[in-house]
Amino acid sequence: MSLALDSAAQDLLFREARTANTFTDEPVTDEQVQAIYDLVKYGPTAFNQTPLRITLVRSAEARERLVNHMAEGNQPKTAAAPLVAILSADNEFHEELPALLPHFPQAKDMFFAERPVREGSALLNAALQAAYFIIGVRAAGLAAGPMTGLDFAGVQKEFLDDDHTPLMVVNIGRPGEDASPFPRSPRLAFDEVVTTV
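Computed from a predicted structure; not experimentally measured.

(A) Quick look at the pattern of salt bridges. In this structure the tally under the stated criterion is 14 salt bridges. The residue E26 makes a salt bridge to R174 at a minimum N-O spacing of 3.1 Å. Taken together, the positions of E26 in the loop between α1 (7-15) and α2 (30-40) and R174 in the loop between β4 (164-173) and α9 (190-193) put the pair 148 residues apart, joining distant regions of the chain. Note on E26: relative accessible area 35%, which makes it partly exposed. On the basis of relative accessibility, which here comes to 26%, the residue R174 falls in the partly exposed class. For D90, the salt bridge identified is with R53, shortest N-O distance 3.1 Å.

Structure (structure tokens):
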């Protein structure tokens, strides 16, 4: 193998990891979530921007409100998962750039003064961070169930504000019985994806 990561870690993060549809009732602690974030915050983004926002849905009342905005097939999973996170993009991320990019603080106004530019950048970079977050969940020995089958406008109105764009909802926990009831779906081969010019 030409990878530095050992085979067991590769399995944990990719080859054996699956999207979970059921979970045990073992809780996911704040300490676990902080450890996940403290690892994945180092993933690269443009201009070191950090637009991802994570809303942990822990209370029964908030969970019920969220379930009402999920697609019908996602409602039981979201109702039963030990922890649910709403991942969103902060469209005002540029306000933090002077602190996050101290060698180039003028990037805030030079590149991100216009809201449409910020929204596009926030969407792309928060999506990158969301992918890192899912890998971090796996690195913690947990499973993630990311979902985009939801009423985005409803989730934004219920849990966020006009400056935050919802990206996905992620169920988190230890995989339960029949967590991945279908065989792993095929992936494209190297030669179907990679071109050398």
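There is more to say after this.
(B) Layout of the packing of α2 against helix α7 (residues 115-139). Where α2 contacts α7, the two axes come as close as 9 Å, and the packing angle between them is 125°. Compared by their axis directions, α2 and α7 come out oblique. Where α2 crosses over α7, the two elements pack in a sense that is right-handed. Every residue of α7 that contacts α2 at I36, L39 and V40 is listed here: Y132, F133, G136, V137 and A139. Taken together, the residues that form the contact of α2 with α7 break down as seven nonpolar, one polar and no charged.

(C) Looking closely at α2. All buried positions along α2 are accounted for by Q32, V33, I36 and V40. Summarising the axial view, the buried residues of α2 lie within an arc of 100°, below the 170-degree limit, and thus occupy one face. Considering only its buried residues, α2 is in contact with β1 (52-57), β2 (83-90) and α7.

(D) Local environment of the packing of aromatic side chains. All chains considered together, the criterion is met by six aromatic pairs. With centroids separated by 6.4 Å and ring planes inclined at 35°, the aromatic side chains of F47 and F104 adopt a geometry described as tilted. Here F47, found in the loop between α2 and β1, pairs with F104, found in the loop between α5 (97-100) and α6 (107-112); they are 57 residues apart in sequence, far enough to count as distant. Judged by its relative accessible area of 29%, F47 is partly exposed. One aromatic cluster is present, built from ring pairs that chain together F47, F93, F104, F111 and F112.

(E) Here's a closer look at the pairing of β2. Most of β2 is tucked away: eight of the eight residues are buried. Bridge count for β2 against β4 is eight bridges, and the pairing is antiparallel. The partner of A85 across the bridge, within β4, is V170.

(F) How the structure looks around the environment of T165. Along the polypeptide, T165 turns up in strand β4. The class for T165 is partly exposed, based on a relative accessible area of 30%. Through-space distance from the C-alpha of T165 to that of N91 is 7.4 Å; in sequence the pair is 74 residues apart. Setting aside its immediate chain neighbours within four residues, T165 contacts L87, S88, A89, N91 and Q156.

(G) Looking closely at the sheet that holds strand β3 (residues 143-147). A sheet is described by the order of its strands in space; here four strands give the open sequence β1-β2-β4-β3, paired in antiparallel fashion. Each edge of the open sheet carries a strand with a single partner, namely β1 and β3. Averaged over all pairs of adjacent strands, the angle between strand axes in this sheet comes to 30°, irrespective of strand direction. Where helix α3 (residues 60-67) meets the sheet, its contacts fall on β1, β2 and β4, and the angle it forms with β2 comes to roughly 65°.

What counts, and where the lines are drawn
- Residues numbered from 1 in each chain as written.
- Predicted model: local features only at pLDDT ≥ 70, side-chain atom pairs only at ≥ 80, totals over all residues.
- Heavy atoms only, no water.
- Salt bridge = Lys/Arg side-chain N within 4 Å of Asp/Glu carboxyl O.
- Helix = DSSP H or I, 4+ residues; strand = E, 2+ residues; numbered from the N terminus.
- Buried < 20%, exposed > 50% of the residue type's maximum accessible area, 1.4 Å probe, protein only.
- Axes fitted to C-alpha atoms, helices over the stretch in contact; angles between N-to-C directions.
- Parallel < 35°, antiparallel > 145°, perpendicular 65-115°, else oblique.
- Left-handed = near helix turned anticlockwise from the far one by under 90°.
- Contact = heavy atoms within 4.5 Å.
- Nonpolar A, V, L, I, M, F, W, Y, C, P; charged D, E, K, R; others polar.
- Arc of directions from axis to C-beta.
- Phe/Tyr/Trp six-rings, centres within 6.5 Å; stacked < 30°, edge-to-face > 60°.
- Pairing = 2+ DSSP bridges.

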